[in-house]
Amino acid sequence: MTDTTTASSLPATLRQTPTPALVVHLPTFDRNMATMAESWPGPSLRPHVKAFKSTAMARRLADAGHTSFCAATPREIEGLVAAGLGDDVLLANETLDAARLGRISDHAQITVAVDSDVTLDAAIHGGVRSVLIDVEVGLPRCGCDVDDAARLADLARAAGLDVRGVMGYEGHLMMVMDRADRARRVEAAMEILLTAHASVGGTIVSGGGTGTFDTNRWCTELQAGSYLLMDNQYDTLDLPFEKSLSLMGTVISVSAKGWIVVDAGLKALGMDHGNPTWDHGDVFFCSDEHTTLLPREPGEWSVGDRVHLWPGHVDPTVARHEQFWVVDGLDADDVVLDRWPIDLRHW
Ligand SMILES: Cc1ncc(COP(=O)(O)O)c(C=O)c1O
């Protein structure tokens, strides 16, 4: 769909909203926001925008006191800054494209994660002013060895950069099902990060996510983002957050053989965590533009009905859409309250 709808021309109800469409249930979203704020109030939470990629949503968080953000791509940082949300933004990821962030550093406080001489050089030569030393705490992804952290910090300071502290993302522990096991392993991961912090200095120890929000007690700030919208994967954990994001489709075909077909397929969904789910029956299979559903009560469904699917993985689902439609009820006749553009997509 072309991104031409403005707030003044919102569809009146969900029935008038073009599908496939991402729908945010605002009361649930706000409950998730409040629940997280009880544990991580104000700037102690650095919401990660990678999960929702929307400055409108980031603005709602800022209005609730969460004024610092982290991001996974330079594009997300640029978008936050352009929207006036650049009070304290962290690229919690490595980049060689640091000059893009250096160019906007007069308008924002931008900090970049570095884990090597090369990424540090890119930050220095790109005009970035602040860094965190990114330390590997068990996830085989970015992050320097704990023993290399002090050396990188010294190099950064010698080049005139502000080393604000360390970050270490324990992403490999987010889905540890047993809470006690998760807590024990998070503590071990954070011991590595605190060792690095002792040698690096600075005031920030940044890490954590939705899955470890209540077991990580060592970070000075938490980098969670998925908790706002949630998804089927995170919903299998013992977390106090509920799914506020659904993918709405329209029934376009009803078979006498017992299945129905909606116009929302895998091109509208991140599928890396499996098929979406449906409250009224089983998801048979997804194809490009279709999902075939097996309703528990086949006779109850007609062409034109609206259905809500629950995505398996929030981040890649959101990245496929241009907007969220905001509602306080999921019935087809419920009023569309707002449209939040997903304006931080792409790179
Ligand atoms: C660096 C980093 N920090 C934090 C997170 C936590 O995000 P979530 O809220 O999805 O657990 C992620 C997610 O991928 C990440 O990559």
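Residues numbered from 1 in each chain as written. Predicted model: local features only at pLDDT ≥ 70, side-chain atom pairs only at ≥ 80, totals over all residues. Heavy atoms only, no water.

J.: Just give me the short version of the site of the ligand, but keep the residues and values in it.
T.: Within the structure, the ligand sits among 14 residues, and Thr210, Gln223, Gly225, Ser226 and Tyr234 are positioned closest to it. Separating an oxygen atom of the ligand from a side-chain N or O atom of Tyr169 is a distance of 3.4 Å. Between an oxygen atom of the ligand and a main-chain N or O atom of Gly225, the distance comes to 2.7 Å. Coverage of the ligand by the protein chains reaches 93% of its 390 Å² of free accessible surface. The residue inventory of the shell around the ligand, partitioned by class, reads 5 nonpolar, 7 polar and 2 charged. (Near = heavy atom within 4 Å. Polar contact = N/O pair within 3.5 Å; in protein donor to acceptor, adjacent residues only side chain to side chain. Areas by Shrake-Rupley, 256 points an atom, 1.4 Å probe, with all protein chains shown as cover. Nonpolar A, V, L, I, M, F, W, Y, C, P; charged D, E, K, R; others polar.)

J.: Give me the sheet that holds strand β2 (residues 68–71): which residues, what numbers.
T.: Within a beta sheet, neighbouring strands are joined by backbone hydrogen bonds and run either parallel or antiparallel to one another. The 7 strands lie next to each other as β2-β3-β4-β5-β6-β7-β8, forming an open sheet whose pairing is parallel. Strands with a single pairing partner mark the edges of an open sheet, and in this sheet they are β2 and β8 (221–222). As defined by bridge partners, strand β7 (residues 204–207) adjoins β8 across 2 bridges and the pair is classed as parallel. Bridging across to β8, Gly207 finds its partner in Leu222. (Pairing = 2+ DSSP bridges. Helix = DSSP H or I, 4+ residues; strand = E, 2+ residues; numbered from the N terminus.)

J.: Go over the domain arrangement of the chain with me, naming the residues and quoting the values.
T.: Split into domains, the chain comes out as domain 1 (14–23 + 241–341) and domain 2 (41–223). With centres defined by C-alpha atoms, the gap from domain 1 to domain 2 works out at 34 Å. Taken together, the contacts link 8 residues of domain 1 with 10 residues of domain 2. Taken over both partners, the interface formed by domain 1 and domain 2 buries close to 760 Å², and the fraction arising from carbon and sulfur atoms is 71%. At the junction of domain 1 with domain 2, the criterion picks out 1 salt bridge. Between Asp315 and Lys50 there is a salt bridge; the shortest N-O distance is 3.0 Å. The tally of links from domain 1 across to domain 2 stands at 2 residue pairs in polar contact (both at pLDDT 80 or more). (Domains from an automatic or database assignment. Contact = heavy atoms within 4.5 Å. Buried area = accessible area lost by both parts, 1.4 Å probe. Salt bridge = Lys/Arg side-chain N within 4 Å of Asp/Glu carboxyl O.)

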